[in-house]
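What follows is each chain in one-letter form.
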Amino acid sequence: MNIAMVIAGGKGVRMNQDIPKQFLNINDKPVIIYTLLAFQQHPEIDAIMVVCIEGWQTILEAYAKQFDITKLKWITEGGENGQDSIRNGIKELAKHCNPEDMVLIHDAIRPNLSQEIISGCIASCRVNGSAITVIPCAEAMLMRCGDGKQSEETIDRDSLARTQTPQAFPLAKLIWAHQEAQKRGITNSVATCTLMIELGEKVHFCSGSEKNVKITTTEDIEIFKALLMAKKDEWIK
């Protein structure tokens, strides 16, 4: 079974809005619903779990019913940070799913997820045992800064990859990783891929897209709106 675990536990403080950014309404649809529909429509996704910010579970259930998200099987509460939220989701999945089931962990605030990215992530995880969605660094020059104001060092862009979600692993691997993190005192790894690296594991890449935007600021909302309106020219391959 392939399970999408959508992380919607964040408060969105950088957005400076009263409503969490995953529940902001864009073109008459909440951000999280765009995300859930991507998994709902994919034929290889069997079930969806949402790790939801406290107090919004009932609202999420209502939206799921309104937009016919029939694959949504479980909702559990988020944690203090991203690692906590993912661990909460993994603990809940362990009650219902088999160790060999594949889990695709995805940010609720990446609503422009394509079917091709989901397919590639699943295929990579099947072959390699892990799949981290990435895109290359296109910027001409990258500067390492310690204080955010100045730098004396550049970084070769060819040696870097920009990570996105989804990030896929077998459920058993995720259970092990979070148990091991607790043993080692790792409490605030920023993503599943960084947690695996901190634990000494190797991860494998699959292809993402610049269009797979993460909504963290009001500017990102404008970009997402533009992507919703954009239509690919027929001559672009």
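Everything here concerns the structure above.
Here's what I pulled together on the structure shown here. Treat the numbers as computed from the prediction; the structure is a model and nothing was measured.

**Re the sheet that holds strand β3 (residues 72-77)**
Piece 1. Reading across the sheet, the 7 strands line up as β3-β2-β1-β4-β8-β5-β9 and stay open at both edges, with mixed pairing between neighbours. Only two strands of the sheet have a single neighbouring strand rather than two, namely β3 and β9 (205-207). Going from strand to strand, the sheet's axes swing by 30° on average, the running direction of each strand aside.
Piece 2. Relative to β3, strand β2 (residues 47-52) is paired through 5 bridges, and the arrangement is parallel. Opposite Met49, over in β3, you have Trp74 as the bridge partner.
Piece 3. Relative to strand β1 (residues 2-8), helix α3 (residues 82-96) is tilted by about 145°, and along the sheet it contacts β1, β2, β3 and β4 (102-107).
Piece 4. Here helix α5 (residues 171-184) sits on the sheet and contacts β4 and β8 (161-170); the angle it forms with β8, its principal contact strand, is near 110°.

**Things to note about the side chain of Gln40**
Piece 1. Mapped onto the fold, Gln40 is located in helix α1 (residues 31-40).
Piece 2. There is a polar contact of 2.8 Å between the side chain of Gln40 and the side chain of Thr70.
Piece 3. Here Gln40 is in contact with Ile48, Asp68, Ile69, Thr70 and Lys71, once residues within four sequence places are set aside.

**A few points about the state of the cysteines**
Piece 1. Taken as a whole and assessed by the stated rule, the structure comprises 0 disulfides.
Piece 2. Here Cys193 is not cross-linked by a disulfide; its sulfur's nearest cysteine counterpart is in Cys206, at 11 Å.
Piece 3. Residue classification places Cys193 among the buried residues on the basis of a relative accessible area of 8%.

**Observations regarding helix α4 (residues 115-128)**
Piece 1. Relative to the 20 Å expected for 14 residues at 1.5 Å per residue, α4 spans 20 Å between its end C-alpha atoms, a close match to the ideal helical length.
Piece 2. The complete set of buried residues in α4 reads Ile117, Ile118, Cys121, Ile122, Ser124 and Cys125. Take α4 and look down its axis: the buried residues cluster within an arc of 165°, on one side only. For α4, exposure combined with an orientation more than 90 degrees from the buried face picks out Glu116, Arg126 and Val127.
Piece 3. Elements in contact with the buried residues of α4: β1, α1, β4, β5 (131-136), β8 and β9.
Piece 4. With its phi angle positive at about 85°, Gly129 sits one or two positions after the end of α4.

**Re the packing of aromatic side chains**
Piece 1. Scanning the entire structure with this criterion turns up 3 aromatic pairs.
Piece 2. Where Phe23 meets Tyr63, the ring centres are 6.5 Å apart and the plane angle is 25°; that geometry is what we call stacked. Taken together, the residues Phe23 in the loop between β1 and α1 and Tyr63 in helix α2 (residues 57-66) connect sequence positions 40 residues apart.
Piece 3. Classification of Tyr63 by relative accessible area gives partly exposed; the value is 21%.
Piece 4. Between Lys173 and the ring centre of Trp176, over which it is positioned, the NZ or CZ distance is 4.8 Å.

**Here we look at the nonpolar core**
Piece 1. In terms of nonpolar packing, the biggest core is built from 33 residues, with Ile32, Leu36, Ile48, Val50 and Ile69 touching the most fellow members.
Piece 2. Where this core is concerned, the elements lending two or more residues are β1, α1, β2, α2, β4 and α4.
Piece 3. The element contributing the most residues to this core is α1, with 6 residues.
Piece 4. Each residue touching Val50, except ones within four places of it in the same chain, is listed here: Val6, Ala8, Ile32, Leu36, Leu60, Leu72, Trp74, Ile75 and Thr76.
Piece 5. Among the nonpolar cores identified, the runner-up in size contains 26 residues, and Leu93, Val134, Leu174 and Met196 belong to it.

**As for unusual backbone geometry**
Piece 1. The linkage connecting Thr165 with the following residue, Pro166, adopts the cis geometry, with an omega of 15°.
Piece 2. Its location among the elements puts Pro166 in strand β8.
Piece 3. Not every positive phi belongs to a glycine, and Asn27 is a case in point at roughly 55°.
Piece 4. Checked against the element boundaries, Asn27 lands in the loop between β1 and α1.
Piece 5. The backbone of Asp28 shows a phi angle near 70°, a positive value even though the residue is not glycine.
Piece 6. If you trace the backbone, Asp28 turns up in the loop between β1 and α1.
Piece 7. Judged by its relative accessible area of 71%, Asp28 is exposed.

Parameters at a glance
Residues numbered from 1 in each chain as written. Predicted model: local features only at pLDDT ≥ 70, side-chain atom pairs only at ≥ 80, totals over all residues. Heavy atoms only, no water. Pairing = 2+ DSSP bridges. Helix = DSSP H or I, 4+ residues; strand = E, 2+ residues; numbered from the N terminus. Axes fitted to C-alpha atoms, helices over the stretch in contact; angles between N-to-C directions. Contact = heavy atoms within 4.5 Å. Polar contact = N/O pair within 3.5 Å; in protein donor to acceptor, adjacent residues only side chain to side chain. Disulfide = S-S within 2.5 Å. Buried < 20%, exposed > 50% of the residue type's maximum accessible area, 1.4 Å probe, protein only. Expected span 1.5 Å × (residues − 1). Arc of directions from axis to C-beta. Phe/Tyr/Trp six-rings, centres within 6.5 Å; stacked < 30°, edge-to-face > 60°. Lys NZ or Arg CZ within 6 Å of the ring centre and 35° of its normal. Core = buried A, V, L, I, M, F, W, Y, C linked by side-chain atoms within 4.5 Å.

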